[in-house]
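Residues per chain, in single letters:
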Amino acid sequence: MASEVSSQRRPGELRSFQAVLPPELWIHLAVVACGNRLEETLVMLKSAVLFSHRKIQFHIFTEDSLKPEFDKQLRQWPDSYTKKFEHRIYPITFSVGNPQEWKKLFKPCAAQRLFLPVILKDVDSLLYVDTDVLFLRPVDDIWKLLRQFNATQLAAMAPEHEIPKIGWYSRFARHPFYGSAGVNSGVMLMNLTRIRSTQFKNSMIPTGLAWEDMLYPLYQKYKNAITWGDQDLLNIIFYFNPECLYVFPCQWNYRPDHCMYGSNCKEAEREGVSVLHGNRGVYHDDKQPTFKALYEAIRDFPFQDNLFQSMYYPLQLKFLETVHTLCGRIPQVFLKQIEKTMKRAYEKHVIIRVGPNQMH
């Protein structure tokens, strides 16, 4: 499979930053993009690069028809940003079972994420995100959560709901799920080395199964009971192996559900939203104007401009128009982290480059 990968180097680049930074210090970010998700994916990658400090290796899994466009667009970003990442593009492949069945599971290609531990054999740890995710602070900050895993934990996700009585899993699921309300797989931090070496408890055989050997039998057993595809399969896996999961708070995977029924993510109220997850297509309709405003601000931000002038101030104005909505009445929740991040970037730029003595 590795031979099918295209690894890109930008024109005029003398050497890859791999030579400068040991690969084990990179952040690895994976996304699976099919159908009409090109723009959304590029905006997600842009949000990662805008605020990150460390180098990022993007692992983009996509259909053949989208490969040239991903390449072209990413190469057009200015040098000051392209030096912060490299990207690799992979075909959609399923190593076990029937590829057509996997493709039809939930959304096109979504099941690809289940196979990342098998495909990315040389990658130790990985952050997987859905295409409709936006980083409102450095990716480095969620990457640091890997250090908080205990000896048995090998993946991290946020709860699907904060309040079980309004949760989907607790009310409707016809299969086992993690905890009292299930977990959401749109933002998933993984120690792939541990996943590859673990024998997972399961409901099929009395002994453990390796990750790759478990996927297809698990799908066969539960396929008539699952609604949300690969996310349901992950919930089933961690129901039987709860000691393997680290649960991070909702501010790392903040969705419309956290504000459309009234604010129910206490962590975001305290800390601000760190990772925004615009599921339900909210970036592209008018149901949740706050989510759409953030998406458009990052999409339209001219790379070389001043973040405060060209992103933060217009966002504040846009948010004033959304205060009549359930999510819009808590604008500080959305703006707190992004403001912090911009202040840090500004101070770093002015104080380090200009020097404190030259500031009047």
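Only a predicted model underlies this, so the values are computations on that prediction, with no experimental measurement involved. (Residues numbered from 1 in each chain as written. Predicted model: local features only at pLDDT ≥ 70, side-chain atom pairs only at ≥ 80, totals over all residues. Heavy atoms only, no water.)

### A word on the side chain of Arg255
For clarity, the cut-off: Helical segments are the DSSP runs of H or I of at least four residues, strand segments are the runs of E of at least two, and each set is numbered from the N terminus. Accessible area is worked out with a 1.4 Å probe on protein chains only. A residue is then buried under 20% of its type maximum, exposed over 50%, and partly exposed in between. The term polar contact refers here to a pair of N or O atoms within 3.5 Å; inside protein, the definition further demands a hydrogen-donor-capable atom paired with an acceptor-capable atom, and it admits residues adjacent in sequence only when both atoms are side-chain atoms. It only takes one pair of heavy atoms within 4.5 Å for two residues to be counted as in contact.
Position of Arg255 relative to the elements: it lies in the loop between strand 9 (245-247) and helix 11 (266-271). Relative accessible area serves as the criterion here: at 0%, Arg255 is assigned to the buried category. There is a polar contact of 3.3 Å between the side chain of Arg255 and the side chain of Asn253. Excluding residues that lie within four positions of it along the chain, Arg255 makes contacts with Pro159, Glu160, Asn184, His277, Asn279 and Phe291.

### Observations concerning the packing of aromatic side chains
Using the following cut-off: Working definition: a ring pair exists when centres of Phe, Tyr or Trp rings (six-membered ring for Trp) sit within 6.5 Å. Plane angles under 30 degrees give stacked, over 60 give edge-to-face, the rest tilted.
Under the defined criterion, the tally for this structure stands at 19 aromatic pairs. Look at Tyr216 and Tyr219: their rings are 6.2 Å apart centre to centre, the planes differ by 40 degrees, and that puts the pair in the tilted class. Of this pair, Tyr216 and Tyr219 both sit in helix 9 (residues 211-222), three residues apart, which is roughly one turn of that helix. Overall, the relative accessible area of 22% leaves Tyr216 in the partly exposed class. Note on Tyr219: relative accessible area 8%, which makes it buried. Arranged with centres 5.6 Å apart and planes meeting at 80 degrees, the rings of Phe308 and Tyr312 form a pair that is edge-to-face. Of this pair, Phe308 and Tyr312 both sit in helix 13 (residues 307-320), four residues apart, which is roughly one turn of that helix. The burial state of Phe308 is the same as that of Tyr312; both residues are buried. In this structure an aromatic cluster arises from ring pairing among Phe58, Trp77, Tyr81, Phe85 and Phe303.

### Let's talk about the state of the cysteines
One way to say it: the disulfide is the covalent bond shared by the sulfur atoms of two cysteines. Operational definition: Criterion for a disulfide: a pair of cysteine sulfur atoms at a distance within 2.5 Å.
Applying the stated criterion across every chain yields a total of three disulfides. The disulfide that involves Cys250 links it to Cys265, with 2.1 Å between the sulfurs. The chirality of the disulfide connecting Cys250 with Cys265 is right-handed, given an S-S dihedral of about 100 degrees. With Cys250 in the loop between strand 9 and helix 11 and Cys265 in the loop between strand 9 and helix 11, the pair connects residues that are 15 residues apart, well separated along the chain. Comparing Cys250 with Cys265, the two get one shared label, buried. Disulfide partner of Cys259: Cys327, at an S-S distance of 2.0 Å. Across the S-S bond of Cys259 and Cys327 the torsion is about 85 degrees, and the bridge reads as right-handed.

### Focus: helix 13
This is how the line gets drawn: Take the residue count of a helix, subtract one, and multiply by 1.5 Å to get its expected span. Throughout, the arc means the angular range of directions from the helix axis out to the C-beta atoms.
Between its terminal C-alpha atoms helix 13 stretches 19 Å, which fits the 20 Å expected from 14 residues at 1.5 Å a residue. Listed in full, the buried residues belonging to helix 13 are Leu307, Phe308, Met311, Tyr312, Leu315 and Phe319. For helix 13, the buried positions fall inside an angular range of 115 degrees around the axis, keeping them on one side. Seen from the open side of helix 13, the exposed residues pointing more than 90 degrees away from its buried face are Gln309, Leu317 and Leu320. Near the N-terminus of helix 13, the side chain that reaches the backbone nitrogen of Phe308, with its oxygen 2.7 Å away, is that of Asn306.

### Concerning the confidence of the model for the chain
For clarity, the cut-off: Per-residue confidence from the predictor is reported as pLDDT, a score between 0 and 100.
Mean pLDDT over the chain: 88, with 90% of residues reaching 70 or higher. Within the model, pLDDT remains below 50 along residues 1-19, and this stretch shows 38 contacts once partners closer than five positions in the same chain are excluded.

### Description of the pattern of salt bridges
Under the convention used in this document: By definition, a salt bridge exists where a carboxyl oxygen of Asp or Glu is found within 4 Å of a side-chain nitrogen of Lys or Arg.
The full count for this structure, using the stated rule, is 18 salt bridges. Note that Asp257 and Arg280 form a salt bridge whose closest N and O atoms lie 2.7 Å from each other. Of the two residues, Asp257 sits in the loop between strand 9 and helix 11 while Arg280 sits in the loop between strand 10 (275-277) and helix 12 (289-300), which places them 23 residues apart along the sequence. For the salt bridge of Glu296 with Lys318, the shortest nitrogen-to-oxygen distance reads 3.2 Å. You can see Glu296 sitting in helix 12 and its partner Lys318 sitting in helix 13, a full 22 residues away along the chain. Through salt bridges with shared partners, a single network forms among Arg137, Asp141, Lys144 and Arg344.

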